[in-house]
Amino acid sequence: MILKGIILYCVSQIETERSVSAVYYIITGKRSIQTVQDMHIYQLKNFFGIDTNIDKSDYDQLIQACEAEQLLIKVDDEKQLYRISRQGERWLVKENDQLYLNLFKGAQYGANSHTYFDRLRLLIQTLTNSKMGYFQFIPVIENKDVENWVKRNYSAIKPVTNQFLSKLYEELLQVLHRFPVEVAEMFVDRLTGYKSYGKSINQLAKQHNRSTKTVHLIITGFLHFLIDIVMKEEPFPILRFIAKDLTSSVYLTNTAQITHQFLHNGNTIQEIANERNLKVNTIYDHIVEIALYDSDFSIENYVSKADQQEIIEAFYQTNSYRLKTIKDFVDNRISYFQIRLVLAVLQNEVESNGSIS
Amino acid sequence: MDQLAEQYTLLQNQLDKFFGYPSFRLGQKEIIQDIMEGKNVLGILPTGSGKSICYQLPARLLEGLTIVVSPLISLMIDQVKQLKAMNFKQAVAINSFMDYRERNDVLRNLSHYKLVYVSPELLQHDQIQQKLGEVKVSLFVIDEAHCISQWGHEFRPDYLKLHEIIHVCNYPAVLALSATATPKVQEDIIQALGNQKMVKHVYDMDRDNIAFCIKEVNDDQEKNAKIIALCKKYRVPSLIYFSSRQAAEKVSQILIQNLGYRIAVYHGGMDQHDRITIQQQFMNNQLDIVCCTSAFGMGINKQNIRLIIHYHLTTQVESYIQEIGRAGRDGEASVSFLLYSKKDIHLPKNIIKKDLPTKHDVMVIFEHLYNLYMADQPLPVKGEAMNRFHINEVQWRFICYQLEHHGIIKDNTIFFKNNVWLRARQQINEYCQHRITMKQAKLNKFLTWVHQKDCLRKYLYHEFQSGYKTPKYQCCTNCGFSWDHWSPVQIVPMEEMTETWQDKLKGKLLVGVKDETE
Ligand SMILES: Nc1ncnc2c1ncn2[C@@H]1O[C@H](COP(=O)(O)OP(=O)(O)OP(=O)(O)O)[C@@H](O)[C@H]1O
Ligand SMILES: [Mg+2]
Ligand SMILES: [Zn+2]
């Protein structure tokens, strides 16, 4: 249900400028330039990568279901363009309280939020069990990095276990009050303590009469919002400590990062392509990605000031993010790569200056 | 002190030191002594008797590596976790959940481990075999060894190749363990392991604290009603076994609606995490009833399971014994309750058929392989083959094993020789027929037992051993079992449902709870 809400919302944002697959790629967090650009352009960053496990076929079915319920209207079959119907808009309003769409902060915390939860869960399990002198418990989390994180911190916390637990309790109590009861309940039930094993996603789903997908999304959203609060507000030292070294912006792909390094060292695009045995086009992709994140990144090496101006003009005149539309509008010598670069920078400016137009 | 006694005390000290048990249980000492002397051992001990110690202690004491072949991933992971919790860090389970890198790490450092759990399928990997050839393997264990006979033939053909692995490991001491193996199965096991000489330690497997109750009903509705009534009367830790996942799901819903107890489902279709969760909650008494398939059980070691209900018939006596073996590990009075209706009989029959390809399947497969061969194409991959031939994974695995055996395929190349193919096809068909007949016979034996008018205890075990212990509590339906004479300790219902999340959080974080050490 929440996924449905998210899809409807996303489609309403992109209107008919992209196929519905674009939404799929945003939700599953595809690290392609196109998708990263899309999420910026249509302001769907909050939903970026919030569920990386949806099958494309399941997604397509959901779209069809929305169409059958007349929440979405198909505009172009071949290009898979949809728009949201009046009914769809009403549905979004009506179900709003159940959808928790405002919890999500995908692009910011997406990938790391579950690690946060894993740390928290294993830490609580470890502390409560050791408090009771029970060391034969079976860890809820089987992730080496998380295990190591708990181990690293355990010895420091151990002598003050009781204070730590009650302080953690207070912080959680305080922060959980900001969430709907259903969400707080799910979170608490998922925790594992001493001789009290947390509920599985399946069990939570049955208990709250939700689908497992929805429960998973609720927890994701919960974590995004929680981390956001504890990072921004003062009185949560413990919850913030758990987030330490998790919240750095990580969404520049590795390979783009390497390219970034090469550029930094003064290599040309061609040199990088040769050196890394990659296509020049791939390096172009990296550069656009870098331009999207690094507002200090100068694109002048790749597009002259004059050409930048021409592209920006074209963008405002056509009022479209479609590369093809803009390409047709500008002089032939201007490449797609250059257009994408300029749009990326433009996007960055929009981000920092508020809304477009 | 003579040498033997001295050695015994030594072993006992080590048992205490590593596992914290003051003394050995029946059979453990004898088996461990033989292993430490490098002998091959076949150990048949009842469920819950502590077979694991028979290799876990030697693994700690022996110089080289102990390999344990185990049929279920969840079982392996569980055991490794428990060992780690007991501070035995050099234990690991190599399994298909590991990613490539993790597995490589383990393999690269194989000699640093002492106890390695692995599935028979993974043992077929060249990389693993090569590694095993390089390190010193001191002990090769087959846990739940009846799988060799029960599953080996179609389910898990790789079980039949274990003797090759023993060869690769340079003939370490071999230990085969099971709780359910008739003399015939024992022979199967010894043969599949390469016909080496094995010292047999066979103990009686009857459970004198479990009563057998069988009830014929008209249909599933009546079963549900009976179960609901029974569970209303007895809120005790219970397992209900089903022959299909769907039935387990469905009935669990009905029970939840009617009982309001804490009930969960467990089957092979659930992901690893959910399975561990359910298992742990059940262990911690957070659940009253688990509706499950045969995927739950093997190796599950909860002390106070009081009631095992069979909603469906099993396909053979061995599975039934295995499943009821979960009950009453603490020795308290427990009951096995089997429900069946006349309509049920097609279920196990279908299950038997589902494991093997039909004559028609075989024909279609051979024709298609011939076309592939002519077109110079390789053997189709699993998913594709299952789709094309409309067969399931078990059947495809069986076919591959057979084709390999007949020299028709090697890796994924097809080799053609007219007379070889003709003979192979005929033999495969005959073999399937033979297997089905045999399994049918096993099913019939179980059915005969179910309809037995004489003492059920006597006939349940009679193929496995000559006698049986006098039951500690009630015996069986035919000896006058009565529910009224059963009064197990009941679960005191918790207030969990009405607690607020604030209360729960406080409880989970043990706020205001005294330290154990205070
Ligand atoms: N010598 C001993 N003294 C006390 N407890 C023991 C001893 N040996 C084993 N146990 C305990 O007995 C329980 C059952 O052991 P284990 O799981 O090895 O049984 P098993 O024979 O493998 O059963 P199954 O056939 O169900 O797999 C475990 O809790 C184990 O710790
Ligand atoms: Mg066992
Ligand atoms: Zn009897």
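Since the structure is predicted, the reported quantities are computational estimates derived from the model, not experimental observations.

Attention shifts here to the overall build of chain B. Across its full length, chain B carries 20 helices and 15 strands. By the compact-globule yardstick of 24 Å for 518 residues, chain B fits well, its C-alpha radius of gyration being 25 Å. Structurally, chain B occupies a C-alpha span of about 70 × 65 × 55 Å along its principal axes. Counting the 518 residues in chain B, one finds 56% classified as buried. Accessible surface for chain B amounts to roughly 23,300 Å². Of this, 50% is attributable to carbon and sulfur atoms. Separation between the mean location of the 61 positive side-chain charges and that of the 56 negative ones in chain B comes to 2 Å.

So, on to the interface of chain A and chain B. Chain A puts 40 residues into the contact, and the matching count from chain B is 35 residues. Interface area, chain A with chain B, both sides summed: about 3,300 Å², of which 60% is carbon and sulfur. Area buried by chain A at its contact with chain B is led by I138, Y169 and Y197 of chain A, which between them contribute 22% of it. Counting the contacts that link chain A with chain B gives 1 salt bridge. Counting the contacts that link chain A with chain B gives 9 residue pairs in polar contact (both at pLDDT 80 or more). Elements with a minimum of two residues in the side of chain A that touches chain B: α6 (106-131), α8 (161-176), α9 (181-190) and α10 (201-208) of chain A. With 8 residues, the single largest contributor to the side of chain A that touches chain B is α8 of chain A.

Right, let's get into the site of ligand 1. Residue and element names in this part refer to chain B. Taken together, 19 residues lie around ligand 1, and Y21, K51, S52, N301 and R329 are the ones closest in. Between K51 and ligand 1, the recorded distance is 2.7 Å, taken from a side-chain N or O atom to an oxygen atom. One nitrogen or oxygen atom from the side chain of R329 is found 2.5 Å from an oxygen atom belonging to ligand 1. Protein contact buries 85% of the 650 Å² of open area that ligand 1 shows by itself. Broken down by class, the residue content of the shell around ligand 1 amounts to 5 nonpolar, 9 polar and 5 charged. Mapping the shell around ligand 1 onto the domain boundaries places at least three of its residues in each of domain 1 (3-202) and domain 2 (210-348 + 452-507).

Attention now moves to the pairing of strand β8 (residues 210-217) of chain B. All names here are of chain B. Within β8, 6 of the 8 residues are buried, which leaves it mostly tucked inside the rest of the structure. As paired strands, β8 and strand β13 (residues 334-341) are joined by 8 bridges and run parallel to one another. Among the inter-strand pairings, C213 is bridged to a residue of β13, identified as F337.

For the rest of this paragraph, the subject is the pattern of salt bridges. Residues and elements named next belong to chain B. Summed over the entire model, instances satisfying the criterion amount to 46 salt bridges over all chains. Residue K131 is joined to E134 by a salt bridge in which the shortest nitrogen-to-oxygen separation is 3.4 Å. Note that K131 and E134 are positioned in helix α6 (residues 126-134) at a spacing of 3 residues, about one turn of the helix.

Let's shift gears to the coordination of the zinc ion (ligand 3). Each pair of donors in an ideal four-coordinate tetrahedral metal site encloses 109.5 degrees, whereas pairs in an ideal six-coordinate octahedral site enclose 90 or 180 degrees. Residue and element names in this part refer to chain B. For the zinc ion (ligand 3), every protein donor is listed as C455 (SG), C475 (SG), C476 (SG) and C479 (SG), and the spread of their distances is 2.2 to 2.4 Å. One can describe the site at the zinc ion (ligand 3) as tetrahedral: its 4 donor atoms subtend angles covering 97 to 118° at the metal. Each donor residue of the zinc ion (ligand 3) lies on the same chain, and together they follow the pattern C-x19-C-C-x2-C. Within this pair, whereas C455 is found in the loop between α18 (418-450) and α19 (456-460), its partner C475 is found in the loop between α19 and α20 (501-508), the two being separated by 20 residues in sequence.

With that out of the way, let us pick up the sheet that holds strand β9 (residues 238-241) of chain B. All names here are of chain B. Taken in spatial order, the 6 strands make up an open sheet running β8-β13-β12-β9-β11-β10, and their pairing is parallel. Two strands close off the open sheet at either side, each with one partner strand: β8 and β10 (263-266). The sheet shows a mean angle of 20° between the axes of neighbouring strands, direction not considered. The sheet contact formed by β10 and strand β11 (residues 289-292) spans 4 bridges and is parallel. Bridge pairing links Y266 to C292 in β11. Each of β8, β9, β11, β12 (307-310) and β13 is contacted by helix α10 (residues 220-233), which is oriented at about 160° to β13, the strand it contacts most.

Attention now goes to the nonpolar core. Ranked by size, the top nonpolar core spans 122 residues in total, and within it Y116 and L176 of chain A carry the most contacts. Among the elements that take part in this core, helix α11 (residues 212-232) of chain A stands out by supplying 10 residues, more than any other. Those residues in contact with L176 of chain A, other than ones at most four positions away along the chain, are A184, F187, V188 and F222 of chain A together with W501 and L505 of chain B. By size, the runner-up hydrophobic cluster in this structure holds 64 residues, among which are I210, I278, I324 and V420 of chain B.

Our focus in this paragraph is the domain arrangement of chain B. Residues and elements named next belong to chain B. If you check the domain split of chain B, you get domain 1 (3-202), domain 2 (210-348 + 452-507) and domain 3 (355-443). Relative placement of domain 1 and domain 2: their C-alpha centres are 29 Å apart. Contact with domain 1, which involves 19 residues of that partner, is made by 19 residues of domain 2. Interface area for domain 1 against domain 2, summed over the two sides, is near 1,600 Å², with a carbon-plus-sulfur share of 56%. Interface area lost by domain 1 to domain 2 is led by T47, T180 and T182, which between them contribute 29%. Applying the counting criterion to the domain 1 and domain 2 interface returns 0 salt bridges. Inspection of the region where domain 1 meets domain 2 yields 1 residue pair in polar contact (both at pLDDT 80 or more). Within the residue set of the side of domain 1 that touches domain 2, elements represented by two or more residues are α4 (73-85) and α9 (183-192). Broken down by element, the residue count for the side of domain 1 that touches domain 2 peaks at 5 residues, all from α4.

Moving on, we come to the sheet that holds strand β4 (residues 115-118) of chain B. Residue and element names in this part refer to chain B. Taken in spatial order, the 7 strands line up as β3-β4-β2-β5-β6-β1-β7 in an open sheet, and their pairing is parallel. Each edge of the open sheet carries a strand with a single partner, namely β3 (91-94) and β7 (199-202). Geometrically, the sheet is characterised by an average inter-axis angle of 15° between neighbouring strands, direction not taken into account. Of the pairings in the sheet, the one linking strand β5 (residues 137-142) to strand β6 (residues 173-178) comprises 4 bridges and is parallel in character.

Once that is clear, we can look at the packing of helix α2 (residues 28-36) of chain B against helix α3 (residues 53-61) of chain B. Residues and elements named next belong to chain B. It is at 9 Å that the axes of α2 and α3 come closest, and there the two elements cross at 40°. Considering the angle they form, α2 stands oblique to α3. As α2 runs across α3, the sense of the crossing is right-handed. Facing Q28, I31, I32, I35 and M36 of α2, the residues of α3 in contact are I53, C54, L57, P58 and L61.

Glancing now at the environment of G221 of chain A. Here G221 of chain A is to be found in helix α11. The contact partners of G221 of chain A, leaving out residues within four places of it in the chain, are L103 and F104 of chain A.

When you line up the elements, K508 of chain B lands in helix α20. No salt bridge forms around the buried K508 of chain B; measuring N to O, its nearest opposite-charge neighbour D189 of chain A is 4.9 Å away.

Rules used throughout
Residues numbered from 1 in each chain as written. Chains lettered and ligands numbered in written order. Predicted model: local features only at pLDDT ≥ 70, side-chain atom pairs only at ≥ 80, totals over all residues. Heavy atoms only, no water. Helix = DSSP H or I, 4+ residues; strand = E, 2+ residues; numbered from the N terminus. Rg over C-alpha atoms; globule rule 2.2 N^0.38 Å. Buried < 20%, exposed > 50% of the residue type's maximum accessible area, 1.4 Å probe, protein only. Areas by Shrake-Rupley, 256 points an atom, 1.4 Å probe, with all protein chains shown as cover. Lys, Arg positive; Asp, Glu negative; His and termini not counted. Charge placed at Lys NZ, Arg CZ, Asp CG, Glu CD. Contact = heavy atoms within 4.5 Å. Buried area = accessible area lost by both parts, 1.4 Å probe. Salt bridge = Lys/Arg side-chain N within 4 Å of Asp/Glu carboxyl O. Polar contact = N/O pair within 3.5 Å; in protein donor to acceptor, adjacent residues only side chain to side chain. Near = heavy atom within 4 Å. Nonpolar A, V, L, I, M, F, W, Y, C, P; charged D, E, K, R; others polar. Domains from an automatic or database assignment. Pairing = 2+ DSSP bridges. Donors = N, O, S within 2.8 Å, 3.2 Å for Na, K, Ca; no water. Tetrahedral: all angles 85-135°; square planar, octahedral: opposite > 155°, others 65-115°. Axes fitted to C-alpha atoms, helices over the stretch in contact; angles between N-to-C directions. Core = buried A, V, L, I, M, F, W, Y, C linked by side-chain atoms within 4.5 Å. Parallel < 35°, antiparallel > 145°, perpendicular 65-115°, else oblique. Left-handed = near helix turned anticlockwise from the far one by under 90°.

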